[in-house]
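Given next are the chains, with one letter for each unit.
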Amino acid sequence: MINEIKTIQLAEALSEKYLEYAMSTIVSRSLPDVRDGLKPVHRRLLFAMRALRLAPQSGFKKSARVVGDVIGKYHPHGDTAVYDSMVRLAQDFSVRFPLVDGQGNFGNVDGDSPAAMRYTEARLTEIAIKLMEGLDEDAVDFVPTYDGEHNEPSVMPGCFPNLLANGAMGIAVGMATNIPPHNVDEVCAALLYLIKHKEATTKQLTKYIKGPDFPTGGIVCENHDTISRIYEEGKGAIKLRCKWEKEELGRGAYQIAITEIPYQVQKSRLIEKTAELINNGKLNTVADIRDESDENVRIIIEPKSRIIEAEKLMAQLLQNTDFEIKFNYNMNALDSKGVPRVMPLREFLQEFIDHQQVVLVRRSKYKLDKIEHRLEILNGLLIAYLNLDEIINIIRNNDEPKPLLMDRFSLSDVQAEAILNMKLRQLRKLEENEILENKKMLEAERDHLKEILDSEELQLQTVATDIEETKVKFGKKTKVGKRKTKIDNEAETLSYNEADFVVREPLSIIISEKGWIKALKGHVDLTQDFAFKDGDKLGFAIHSNSAHKLLIFADNGRFYTIDPAKLPRGRGFGEPINLMIELKTAKIVQIFDYNDKTDEEKEILLASKSGNGFKTPIAETIASTKNGKTVMGLKTGDTPVVAKIIEKDDDLIAITGNNRMLLIFDINELPTLGKGKGVILQKYKEKKTHLSDVISFKSLEGFSWASGSKTYSVKPADVEMWKNNRAKVGKMVPYGFPKNNKF
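Residues numbered from 1 in each chain as written. Predicted model: local features only at pLDDT ≥ 70, side-chain atom pairs only at ≥ 80, totals over all residues. Heavy atoms only, no water.

### Observations regarding empty space enclosed by the protein
Link 1 in the chain: Taken as a whole and judged by the stated rule, the model has 1 cavity of 30 Å³ or more.
Link 2 in the chain: By volume, the largest cavity is sized at about 60 Å³.
Link 3 in the chain: Val-34, Pro-161, Leu-164, Phe-348 and Phe-352 are, among the 13 residues lining the largest cavity, the residues nearest its centre.
Link 4 in the chain: Mapped by element, the contributors of at least two residues to the lining of the largest cavity are helix H6 (162-166), helix H7 (184-196) and helix H12 (345-386).
Link 5 in the chain: Classifying every residue of the lining of the largest cavity by side-chain character gives 9 nonpolar, 2 polar and 2 charged. (1 Å grid on protein atoms, 1.4 Å probe; cavity = no way out; pocket = protein on both sides within 12 Å on 5 of 7 lines; lining within 4 Å. Points joined across faces, edges and corners; volume = space filled by probe spheres on them. Helix = DSSP H or I, 4+ residues; strand = E, 2+ residues; numbered from the N terminus. Nonpolar A, V, L, I, M, F, W, Y, C, P; charged D, E, K, R; others polar.)

So this is what it looks like as structure tokens:
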């Protein structure tokens, strides 16, 4: 035994075993076969139900019985996984054409779980029967089950384009699939066109397949070129929107009724999330949402005011909720050789046609063999009819009549066996005309089958006839085949301006030293004592408005933007500012109130500890994401010190460092940048010297400061004493200048 031990590298063993696991997951669990659109668990479910004779005309059987047969004979996995797969095949809101007819609680669009398998019952649908048509006629290969005790089909033979009709979802190892359901009438029309026009392009085929057809309806808002490109590449995304209508209530009042929601969106969760947004003030156009659904979806949206346009309200709702989603295509499936790959629409259709042609040939050969066998027997029966008395005599007088019959009448073994197996009563009832009639019919059918087998063109014509029958049986004129999803190639993008919905009211914004933020109604006294948590105190306070923006400049050089209308209100402690912006460990340097109607032309003076600085337009500091917008570039160890609004007509800059040197220079020497580290404002000779403060002021007014109880100033006439070019050292600060070197 010791000689059988092999030494291999761990990395090699892991790589080999992981690859085996990955391929097993891809092929045997997660990806559908392009020919029948089924994963192994679905195929085994349908085959087990067929074996249980659960046809649409028969009675239902307990789901637990079906699941038991599946896991006992075909699928060596957990019963929960099998039952979940079975439930999905029965849900008319999950699959476009259900393959299982369920009786009992099989879940609902709200996301409620189905009843346990011991309570529900199931049987096959007509479509499932169609999908398995030909299993008894050697149409496909059968393979041994996991324990070798039974056989199961490797693929279903039926002429129903299940993969495109019902779509598929799955996550494997390193790959996934997400194929939407389609209208079977359109798929059949495209198949028929491709049979007649072998060189047809995907773009030509999309004239028949307009787009997906989801079981929950909705509206696809994409143009034809976009949809064609997705089907050509096998990947892409489409916009799927709910179906809604405005209902007039009289006297100018109205409500919005949503009757179809996007595919795979849970209704109850959707309503719950929307209600949360309404309560948080993030949907400021909506007063209330309620569910009036029965077997049909009906969600009512009440506007806050009758003057709000329904289109504007829906624009805000669609942008902030899952009433509009992006459905991502990933048309990945196993091809006829078992290779997983992303395929364009044309290949999906061609693979199905090729499969149906193979199935037709195999079924025709099977039928031909049966007919040849029957004709051989009929020829023998005809001989028996013509020589009935002699045959009866041979059978009566001989213990082994078979070889005598074969020798006397030149019968084959099959013919002799058929005659001997017939009862005497049947022998006496043989009629020549009946035998000849049956023989004639079978010979005609045999000739037709031979023609099919000898002609590829006739094979394709027969496949086209079968597809046409599927189109008629499950097409748009039937209840199940009627298109549910509207394709709107010219759908307009609903847009709105947030400012149109904001209630303009004065606010006072309070930020604590530890980063808690809140808004108080009105412009309150900012010097009063505000309530903070223990150990916390006031950091920043500013008057603002619900229609303005709050700009926050942090010591990481970034500007962050907050909507004051969305800040928590009241006298409490507020909320951590990190919930609204990605400030993380950065400290706030300054905050600004920005009114886009009056402040757009203003500039902010930015300066860092190293003595660099510049002007930047306040309008360019607005950030569109929670991560903020980098405006000031900083070297390692440097940090912003000053961020101040430059008032109109300010023409001079005054700067001082911790060396108590004051420099005044013309504001035009300061560049205006959208982003950067700026230029040197003041020169520092010693390493420990750094910038303390910067201001802008008017040369005709000078500037002043308070120190203790006294007020000092640099008058316009004295400005020249400290005035020089930018990046100079400057001169000693004037008498009375604060010891902290701040203006």
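Once the structure has been displayed, the description carries forward.
### Re the packing of aromatic side chains
Link 1 in the chain: Scanning all chains against the criterion turns up 19 aromatic pairs.
Link 2 in the chain: Between Phe-160 and Phe-474, the ring centres sit 5.7 Å apart and the planes meet at 85°, which makes this aromatic pair edge-to-face. Residue Phe-160 is found in the loop between strand S5 (151-153) and H6, and its partner Phe-474 is found in helix H18 (residues 456-474); the two are separated by 314 residues along the sequence.
Link 3 in the chain: Accessibility expressed as a relative area gives 0% for Phe-160, which makes it buried.
Link 4 in the chain: The structure contains a cluster of three or more aromatic residues connected by ring pairs, namely Phe-697, Phe-703, Trp-705, Tyr-712, Tyr-735, Phe-737 and Phe-743.
Link 5 in the chain: Positioned above the aromatic ring of Phe-97, the side-chain terminus of Arg-96 is 4.7 Å from the ring centre. (Phe/Tyr/Trp six-rings, centres within 6.5 Å; stacked < 30°, edge-to-face > 60°. Buried < 20%, exposed > 50% of the residue type's maximum accessible area, 1.4 Å probe, protein only. Lys NZ or Arg CZ within 6 Å of the ring centre and 35° of its normal.)

### Focus on the side chain of Thr-321
Link 1 in the chain: Relative to the assigned elements, Thr-321 resides in the loop between helix H11 (310-320) and strand S14 (324-330).
Link 2 in the chain: Classification of Thr-321 by relative accessible area gives buried; the value is 8%.
Link 3 in the chain: A distance of 2.6 Å separates a polar atom in the side chain of Thr-321 from the backbone oxygen of Leu-317.
Link 4 in the chain: The residues contacting Thr-321, other than those within four sequence positions of it, are Leu-270, Thr-274, Leu-277 and Leu-283. (Polar contact = N/O pair within 3.5 Å; in protein donor to acceptor, adjacent residues only side chain to side chain. Contact = heavy atoms within 4.5 Å.)

### Quick look at the nonpolar core
Link 1 in the chain: Among the nonpolar cores identified, the biggest contains 110 residues, and Leu-46, Phe-323 and Leu-349 are the most heavily contacted of them.
Link 2 in the chain: Among the elements that make up this core, the one with the highest residue count is H7 (9 residues).
Link 3 in the chain: For Leu-46, the contacting residues outside a window of four places in its chain are Leu-38, Leu-99, Val-100, Leu-124, Ala-128, Leu-131, Met-132 and Met-156.
Link 4 in the chain: Counting residues in each nonpolar core, the second largest holds 20 residues, with Leu-507, Leu-550, Ile-577 and Ile-588 among its members. (Core = buried A, V, L, I, M, F, W, Y, C linked by side-chain atoms within 4.5 Å.)

### What about the sheet that holds strand S27 (residues 629-630)?
Link 1 in the chain: On the basis of which strands lie adjacent, the open sheet formed by 4 strands has the order S24-S21-S22-S27 and antiparallel pairing. In the strand order of this sheet, the two ends are held by strand S24 (588-594) and S27, each with one partner.
Link 2 in the chain: Of the pairings in the sheet, the one linking strand S21 (residues 549-554) to S24 comprises 6 bridges and is antiparallel in character. The residue bridging Leu-551 from the neighbouring strand is Phe-592, located in S24. (Pairing = 2+ DSSP bridges.)

### Observations regarding the pairing of strand S30 (residues 661-666)
Link 1 in the chain: Across the 6 residues of S30, 5 count as buried, placing the element largely inside the fold.
Link 2 in the chain: Where strand S29 (residues 652-657) and S30 come together, 5 bridges link them in antiparallel fashion. Residue Leu-652 lies in a different strand from S30, and its bridge partner there is Asp-666.
Link 3 in the chain: As paired elements, S30 and strand S35 (residues 731-732) share 2 bridges and run antiparallel to each other. Across the sheet, the residue bridging to Met-661 is Met-732, located in S35.

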